[in-house]
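# Geometric and topological summary
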Amino acid sequence: MSKFIAKPAHELSGNIKVPGDKSISHRSVMLGSIANGVTEVEGLLDGEDVISTLEAFQSMGVEINKEGQNLKIHGVGVNGLKKPDGALFLGNSGTSMRLMSGILAAQTFDSELCGDESLSGRPMGRVISPLTKMGAVIDSRDGKPPLKIRGGQKLKGLNYDLPIASAQVKSCVLLAGIYADGETCVSEPETTRDHTESMLKGFGYEVRVENNRVCLNGGGELQAKNIRVPSDISSAAFFMVAASIAPKADILLQGVNVNPTRTGVIDILKLMGANIVLSNQREAGGELLADIRVRSSNLRGISIPHELIPLAIDEFPVIFIAASCAVGETRLTGAKELRVKESDRIQVMADGLCALGIECEVLDDGIVINGGEYIKPNSSIKSHHDHRISMSFAVASVRSKFDIEIEGVENVKTSFPNFVELANLAGMNLVES
Ligand code: S3P
């Protein structure tokens, strides 16, 4: 099991470009594979989760040439996928499993989707239920992977009210809707990331979006499109928090995707008093990009507004680190979803913060954190093999007087393969062993 030793380092500076957006990278591979023609992708996230998606489509007969972060995808059209030789192993990647199940439920062939220990424990009933309503036949282990999807089913359009705010479920139903008879509509209780609907439009598929309802008609085709993947705000978030809490910091994050369905972390940190300035805003390939300058600040505790939760869903582990350095109490409720991410992010973060000497109260659907100092020397943190937990506690080292040891960091490669290199370039002192 690999570890980080995060040594104290209190000054951060520099210009940083974090890798490509994970959500957009997955969708580029999926939509490029079922489009007509050749899609070229630049700036792909070269992380294990995206590679899982890429290899799955290769094993369904799609020719994908990869050179570092550039891809050439020879699309096979909506009906051109072939039966894979065996089960599709999707590693740690919930996005791959949930989105692909929408595509696979409509194929002529049977398929099986499985993953690592963490993915095998994650809830899939949320996609099985709407897909079954559309006519899909899926077996699972009590709503958990592996998913055995029976081919040869004719799907019908569905009008679906999402019971939870989940972009993965919305995307799954929309992707199945491409293959279904008639119209498929998904209404969401709160806004979630909109990359699937905007990328479908980019591939020439007609999608109608009105307030929080997205509709499309089945039976259409996708036309290949070149894609430049912007930097991932979820990865940039580690540096936003590090620079906000470090005693001395001035960092510029270049070309980050600031799609308004993803910027909850900026809003939350600003409410806490962070010094974050966006400049050079521009559009590229249908997404909004900006350079983000972050300087040290004195954060204060807040009650996190509920509408920001889905817009910052992956950033809470590192937001909790910000809260642990803020003056006063930070309160999060209505965020039960955090318990079913790559780990139970409420409990695992609470345990880690407690190991550092921070007081917090675990709630069923959230947490209350009292900001303070990291007073416990020789802390050892269990990341539960969750990439974002590992990186969050590495960020805590900019406020610690002692080394922090973080166990089980190998999954950092799933979303941010050069995290240690960039963190050290900015002035952190992380050693991997
Ligand atoms: C994602 C959506 C989010 C997020 C995940 C990626 C996506 O999940 O946590 O890391 O690419 O659609 P939910 O929509 O299930 O909250």
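Residues numbered from 1 in each chain as written. Predicted model: local features only at pLDDT ≥ 70, side-chain atom pairs only at ≥ 80, totals over all residues. Heavy atoms only, no water.

### Here's the deal with the pattern of salt bridges
Side-chain pairing between opposite charges can occur once the charged atoms of the two side chains come close. A full pass over the atoms with the stated rule returns 24 salt bridges. As a salt-bridge pair, K7 and D403 come within 3.3 Å of each other at their nearest N and O atoms. Highlighted residues: K7 in strand β1 (residues 3–7) and D403 in the loop between α12 (387–396) and β22 (404–407), separated in sequence by 396 residues. Residue class for K7 comes out partly exposed when judged on its relative accessible area of 30%. On the basis of relative accessible area, D403 is assigned to the partly exposed category, the value being 33%. Linking E373 and K401 is a salt bridge whose minimum nitrogen-to-oxygen distance equals 3.5 Å. Taken as a pair, E373 in the loop between β20 (366–370) and β21 (379–382) and K401 in the loop between α12 and β22 lie far apart in primary sequence, 28 residues in all. (Salt bridge = Lys/Arg side-chain N within 4 Å of Asp/Glu carboxyl O. Helix = DSSP H or I, 4+ residues; strand = E, 2+ residues; numbered from the N terminus. Buried < 20%, exposed > 50% of the residue type's maximum accessible area, 1.4 Å probe, protein only.)

### Re the domain arrangement of the chain
When the domains of the chain are assigned, the result is domain 1 (3–20 + 230–432) and domain 2 (22–228). Of all residues in domain 1, the largest losses of buried area upon contact with domain 2 belong to P310, E342 and T414, amounting jointly to 23% of the total for that side. Here domain 1 is connected to domain 2 by three salt bridges. Close ionic contact of R126 with E337 constitutes a salt bridge, the shortest N to O distance being 2.8 Å. (Domains from an automatic or database assignment. Buried area = accessible area lost by both parts, 1.4 Å probe.)

### Comments concerning the environment of K83
Along the polypeptide, K83 turns up in the loop between β5 (70–76) and β6 (88–89). With 201 residues separating them along the chain, K83 and A284 place their C-alpha atoms 35 Å apart. Polar contacts involving the side chain of K83 include one to the main-chain carbonyl oxygen of D110, which spans 3.3 Å. (Polar contact = N/O pair within 3.5 Å; in protein donor to acceptor, adjacent residues only side chain to side chain.)

### A few points about the site of the ligand
All residues adjacent to the ligand are S23, R27, T95, S166, A167, Q168, R193, I313, D314 and K341. D314 places a side-chain nitrogen or oxygen 2.6 Å from an oxygen atom of the ligand. Computed on the free molecule, the ligand has an accessible area of 390 Å², of which 95% lies beneath the protein chains in the complex. Of all the secondary-structure elements, those providing two or more residues to the shell around the ligand are α1 (22–33) and α6 (167–177). For the shell around the ligand, the per-class residue count stands at two nonpolar, four polar and four charged. When residues are assigned to domains, the shell around the ligand turns out to be shared by domain 1 (3–20 + 230–432) and domain 2 (22–228), each giving three or more. (Near = heavy atom within 4 Å. Areas by Shrake-Rupley, 256 points an atom, 1.4 Å probe, with all protein chains shown as cover. Nonpolar A, V, L, I, M, F, W, Y, C, P; charged D, E, K, R; others polar.)

### Some points on the side chain of S25
Locating S25 in the fold gives a position in helix α1. Looking at S25, the relative accessible area reads 0%, which means it is buried. In contact with S25, not counting residues within four places along its chain, are G20, L44, L45, V50 and V229. (Contact = heavy atoms within 4.5 Å.)

### Re unusual backbone geometry
Between P145 and the following residue, P146, the backbone shows a cis peptide bond with an omega angle of 0°. For P146, the location among the structural elements is in strand β9 (residues 144–150). Phi angles above zero are rare outside glycine, and N280 is one such case at about 50°. Overall, N280 belongs to the partly exposed group, its relative accessible area being 47%. Although it is not a glycine, N378 sits at a positive phi angle of roughly 55°.

### Describing α12
Burial analysis of α12 places 10 of its 10 residues in the buried class, the great majority of the element. All of the buried residues in α12 are H387, R388, I389, S390, M391, S392, F393, A394, V395 and A396. A side-chain oxygen of the first residue of α12 lies 3.0 Å from the backbone nitrogen of R388; this N-cap is D386.

### Some remarks on the state of the cysteines
Going through the model one piece at a time under the given rule, you end up with one disulfide. Between C185 and C215 runs a disulfide, and the two sulfur atoms are separated by 2.2 Å. Because the torsion about its S-S bond is 115°, the bridge between C185 and C215 counts as right-handed. On the criterion of sequence distance, the pair formed by C185 in strand β11 (residues 183–187) and C215 in strand β13 (residues 213–217) is long-range, its members being 30 residues apart. Given the relative accessible area of 8%, C215 is considered buried. Not part of a disulfide, C325 finds its nearest cysteine sulfur in C360, a span of 13 Å. Owing to a relative accessible area of 8%, C325 belongs among the buried residues under this scheme. Unpaired in terms of disulfides, C360 finds its nearest cysteine sulfur in C354, a separation of 6.5 Å. A relative accessible area of 26% means that C360 is categorised as partly exposed. (Disulfide = S-S within 2.5 Å.)

### So, the environment of F320
By the element assignment, F320 lies in helix α10 (residues 316–324). For the pair F320 and L88, spaced 232 residues apart in sequence, the C-alpha to C-alpha distance is 35 Å. Apart from residues no more than four positions distant in its own chain, F320 is found in contact with L332, L338, R345, M349, L353, I367 and I369.

### Digging into the sheet that holds strand β18 (residues 329–332)
Consider a sheet: its strands pair through backbone hydrogen bonds, and that pairing is either parallel or antiparallel. Spatially, the three strands line up as an open sheet ordered β18-β20-β19, and their pairing is antiparallel. Unpaired on one side and paired on the other, β18 and β19 (359–363) mark the two borders of the sheet. Put simply, the sheet's adjacent strands are angled 10° from each other on average, direction ignored. Bridge count for β19 against β20 is five bridges, and the pairing is antiparallel. Directly across from E361, in β20, lies its bridge partner V368. (Pairing = 2+ DSSP bridges. Axes fitted to C-alpha atoms, helices over the stretch in contact; angles between N-to-C directions.)

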